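Listed below, chain by chain, are the residues.
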Amino acid sequence: MTQKITGAEILMRALLDEGVKTLFGYPGGAIMPVYDALYDYRDRLNHILVRHEQAAAHAAEGYARVSGKTGVCLVTSGPGATNTITGIADAMMDSTPMVVIMGQVGAQMLGTDAFQECDMVDITQPICKWAYQIRSAKDVAWAVHRAFYIAGSGRPGPVVLDFAKNAQLELAEYVPGTIDFIRSYVPVPATSKQSVLDAAALINAAKRPLVLVGQGVELGHAQQELRDFIEKAGMPAGCTLLGLSALATDHPLNVGMLGMHGSLGSNKKTQECDLLIAVGMRFDDRITGKLDTYARQAKKIHFDIDPSEIDKNVKVDVAVLGDCKETLPAVTALLEAREHTAWRESFRQWDALEQEAVIEPQIHPSQGALRMGEVVRRVSELTHDKAIMVTDVGQNQMMAARYFRFTEKRSVVTSGGMGTMGYGLPAAIGATFGAPQRTVCLFLGDGGLQMTIEELGTIMEQQAPVKIILLNNNYLGNVRQWQQLFFRKRYSFTPMMNPDYEKIAEAYGIPALTVTERDKLDEAIGQMLAAPGPFLLQAAVMEEDNVMPMCCPGHDVDDMLLSSNESN
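These numbers come from a predicted model, not from an experiment. (Residues numbered from 1 in each chain as written. Predicted model: local features only at pLDDT ≥ 70, side-chain atom pairs only at ≥ 80, totals over all residues. Heavy atoms only, no water.)

## What to know about the sheet that holds strand β13 (residues 299-304)
Heads up, the rule is: Strand pairing follows a simple DSSP-based rule, namely that at least 2 bridges must link the two strands. Numbering of helices and strands runs from the N terminus, with a helix taken as a DSSP run of H or I at least four residues long and a strand as a DSSP run of E at least two residues long. Note on geometry: axes are C-alpha line fits, over the in-contact stretch for helices, and angles between N-to-C directions span 0 to 180 degrees. The contact definition used throughout considers only heavy atoms, calling two residues in contact when any of these lie within 4.5 Å.
An order of β11-β10-β9-β12-β13-β14 is seen for the six strands of this open sheet, with the pairing classed as parallel. In this open sheet, the two strands that pair with only one neighbour each are β11 (254-257) and β14 (318-321). On average, adjacent strands in this sheet sit at an angle of 20 degrees to one another, irrespective of strand direction. Pairing of strand β9 (residues 209-213) with strand β12 (residues 275-279) involves five bridges; the strand directions are parallel. Counted as the bridge partner of Val 213 is Val 279 from β12. Packing of helix α11 (residues 223-233) onto the sheet brings it into contact with β9, β10 (237-239), β12 and β13, and relative to β9 it is tilted by some 170 degrees.

## Let's talk about the environment of Thr 494
With respect to the secondary-structure elements, Thr 494 resides in the loop between α22 (477-486) and α23 (501-507). Thr 494 sits 20 residues away from Asn 474 along the chain, and the two C-alpha atoms are 8.6 Å apart. Look past the residues within four positions of Thr 494 in its chain and what remains in contact with it is Asn 474, Tyr 475, Leu 476, Val 479, Arg 480 and Gln 483.

## Structural notes on the sheet that holds strand β20 (residues 535-540)
Across a sheet, strands are paired by hydrogen bonds formed along the backbone, either parallel or antiparallel in direction. Pairing within the open sheet is parallel, and its six strands lie in the order β16-β15-β17-β18-β20-β19. The two strands at the open ends of the sheet, each matched to only one other strand, are β16 (412-413) and β19 (512-515). Summarising the sheet, β19 and β20 pair through four bridges and their orientation is parallel. The residue bridging Val 515 from the neighbouring strand is Ala 539, located in β20. Running at roughly 175 degrees to strand β17 (residues 440-445), helix α19 (residues 424-434) makes contact with β15 (388-391), β16, β17 and β18 (466-472) of the sheet.

## Overview of the layout of surface pockets
Sizing a probe to match a water molecule and rolling it over the atoms shows the empty space that remains. Quick reminder of the rule: Residues are called lining when one of their atoms sits within 4 Å of a cavity or pocket point, these points coming from a 1 Å grid over the protein atoms alone, where a cavity is a set in which a 1.4 Å probe fits but cannot get out and a pocket is an open set with protein on both sides within 12 Å along at least five of seven lines. Grid points are joined across faces, edges and corners, and a volume is the space filled by probe spheres set on the points. Here the nonpolar group is Ala, Val, Leu, Ile, Met, Phe, Trp, Tyr, Cys and Pro; Asp, Glu, Lys and Arg are the charged ones; every other residue, Gly included, is treated as polar.
One number sums up the size of the second largest pocket: a volume of about 550 Å³. Along its surface, the second largest pocket is lined by 26 residues, and Thr 249, Gly 256, Ser 263, Ile 359 and Arg 402 are the ones closest to its centre. Of all the elements in the fold, those that place two or more residues in the lining of the second largest pocket are β11, α16 (348-363) and α18 (395-403). For the lining of the second largest pocket, the leading source of residues is α16, giving six residues. Grouping the constituent residues of the lining of the second largest pocket by class yields twelve nonpolar, seven polar and seven charged.

## A closer look at the nonpolar core
For the record, the criterion: Buried Ala, Val, Leu, Ile, Met, Phe, Trp, Tyr and Cys residues that are joined via side-chain atoms within 4.5 Å together make up what is termed a nonpolar core. Here's how the labels work: a residue is buried when its accessible area is under 20% of the maximum for its type, exposed when over 50%, partly exposed in between, all with a 1.4 Å probe on protein chains only.
In this structure, Ile 203, Phe 229, Ile 277 and Phe 443 are the most contacted members of the largest nonpolar core, which totals 77 residues. Per element, the largest residue contribution to this core is five residues, and it comes from α18. Not counting residues up to four positions away in its chain, the partners in contact with Ile 277 are Ile 203, Pro 209, Leu 210, Val 211, Leu 212, Phe 229, Met 235, Ile 301 and Phe 303. Counting residues in hydrophobic clusters, the runner-up holds 39 residues, among them Leu 11, Ala 143, Ala 151 and Ile 182.

## Let's talk about the pairing of β15
How we decide: Assignment of crossover handedness uses the view with strands pointing away from the viewer, where a clockwise path from the first strand over the helix to the second indicates a right-handed crossover.
What you see with β15 is no split at all: Ile 388 and Val 390 on one side and Met 389 and Thr 391 on the other are buried throughout. Two strands pair when backbone bridges link them, and β15 and β16 are joined in this way by two bridges, in the parallel orientation. Each bridged residue has a counterpart across the sheet, and for Val 390 the counterpart in β16 is Val 413. In this fold, β15 hands off to α18, which returns the chain to β16; that crossover is right-handed.

## Notes on the pattern of salt bridges
Opposite charge on two side chains allows them to pair when their charged atoms are near. Quick reminder of the rule: Think of a salt bridge as a Lys or Arg side-chain nitrogen and an Asp or Glu carboxyl oxygen that are within 4 Å of each other.
As enumerated under the stated definition, the model contains 23 salt bridges in all. Linking Arg 338 and Glu 336 is a salt bridge whose minimum nitrogen-to-oxygen distance equals 2.7 Å. One salt-bridge network, held together by shared partners, links Arg 155, Asp 306, Glu 309 and Lys 312.

## Comments concerning α16
Threshold: Every helix has an expected span of 1.5 Å times one less than the residues it contains. Note on bend: at a given residue it equals the angle between the axes fitted to the 7 residues ending there and to the 7 starting there.
Under the 1.5 Å per step criterion, the end-to-end length of α16 is only 19 Å for 16 residues, more than 12% shorter than the ideal 22 Å. Of all the bends in α16, the greatest measures close to 50 degrees and is centred on Gln 355. Buried positions along α16 lie against α12 (264-270), α17 (372-382) and α18.

## Considering the environment of Tyr 174
Looking at the secondary structure, you find Tyr 174 in the loop between β8 (171-173) and α9 (193-205). Its relative accessible area of 8% is what places Tyr 174 among the buried residues. Once the C-alpha coordinates of Tyr 174 and Asn 546 are considered, the two residues, 372 residues apart in sequence, prove to be 57 Å apart. Those residues in contact with Tyr 174, other than ones at most four positions away along the chain, are Thr 2, Ile 5, Ile 10, Arg 13, Ala 14, Asp 17, Ala 141 and His 145.

## What about empty space enclosed by the protein?
Here the structure, examined in full by the defined rule, presents one cavity of 30 Å³ or more. Counted as a void, the largest cavity has a volume near 90 Å³. Taken together, Ala 64, Arg 65, Thr 96, Pro 97, Gln 215, Glu 218, Leu 219, Leu 242, Ser 245, Arg 410 and Val 412 make up the lining of the largest cavity. Those elements that place two or more of their residues in the lining of the largest cavity are α3 (53-67) and α10 (216-219). In the lining of the largest cavity, the residues fall into five nonpolar, three polar and three charged.

Given below as structure tokens:
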């Protein structure tokens, strides 16, 4: 006869069967039976105690993004559960696989407005792939295995399990197993043979093709398939923010980042190409600029695993549905070898203009305060372009994306679709557990750091080796930039009064250093990288520096400012 165990212990065993080794969480009353069960599994399940539930979700995201596995977080009911909502929405927007397990009052008390009761299923359904309330111990294993299958398959995303307290305490049998099929759920749509033929025909006929590389390439583990695809046909490729490390920065066909703060050449040529090929990206507004005039001259092909993305924002001529690890090779096999030398060379004039007007002043300034770009570039160079780049949101994010360089896959951890300030610090913690063999460099601003600064406590306890690079300009920099450009320099509540970050780091036992002089920058970065654990390097950067080039909202994607003076 099979032994009966509590629903809480069933959860432990189901997590182990799913290959879970690390989870991020914060205990409370409605999840206490689970934490009691976890006490006996501490040698097999590494629980990281965060200091706020939002951080648990972001840490699980960071873990998932670098490891390719599903992140897990564990919280209590009521405010504990609602504190994860931002992280859940963030994971949904950025297709990050995550399972969020929340405590809930007992099933017999549902609907009574019991202490810390909150209807999390209805709240989270619009921002996750699946939300389910576990009301009985016999349903625990089924729900957990279903959750992991849904979260990690197809287009990944977050799943919510609302775990009633009675189900944690009740006894039931546990039968080991996993789920790899749900009748009503089709994670990978069938690929039409005709779409493959049509896509290949358009590419073979194109004179000026341009490939847009999205995070779907990383999620689909299709980095090599992408290289084979673009190299055979000699096609230049630009990358979205989340797709930056899918293609090495120095690859000869890489023409830089796309979008609002992207490369001048990639955006200009978007409006000149005769064929636009999107791979695993969703044509969001930060990429397209004004939709009405976006690449109107070009035929368009869209490779994607999610049918709902097809024609959602941009009407395409051919949709190649399916897993890009399979669909890219299918099309590549039908391509004619091409070079497109003249087309590729036509990017160079814009590259040269951007190099002179924007990049050189950022990474090699001759005088004045430190620039954000030079700090980012030197960190990248001194880690041999092999580190994981984590960012918060704002100017720090865009400067890091523009000036960090990538040679390794899964090296970008940032909040794309939601743009969540406060994301960086907990996501970086998660990344150190998801890829413990790699250096994790976190770029953030003084505003974003203060939003989740409590997670320095998690770093202290875990000695998580996050290399924190604080680009401190004493402003909410991105909002200030927009106020400068579009609101007549009316800096409404964007100047920041900051604490002494070195003293705060010292209180948490984290080594810290502030650098203000250019000739001390390399030495400071070297000291940070040589530290065996965490380190906070504060760079006092130019206060009113701006991220350029910039496509202004409501403008065509190729209508880009090269300097702040052009907006006046």
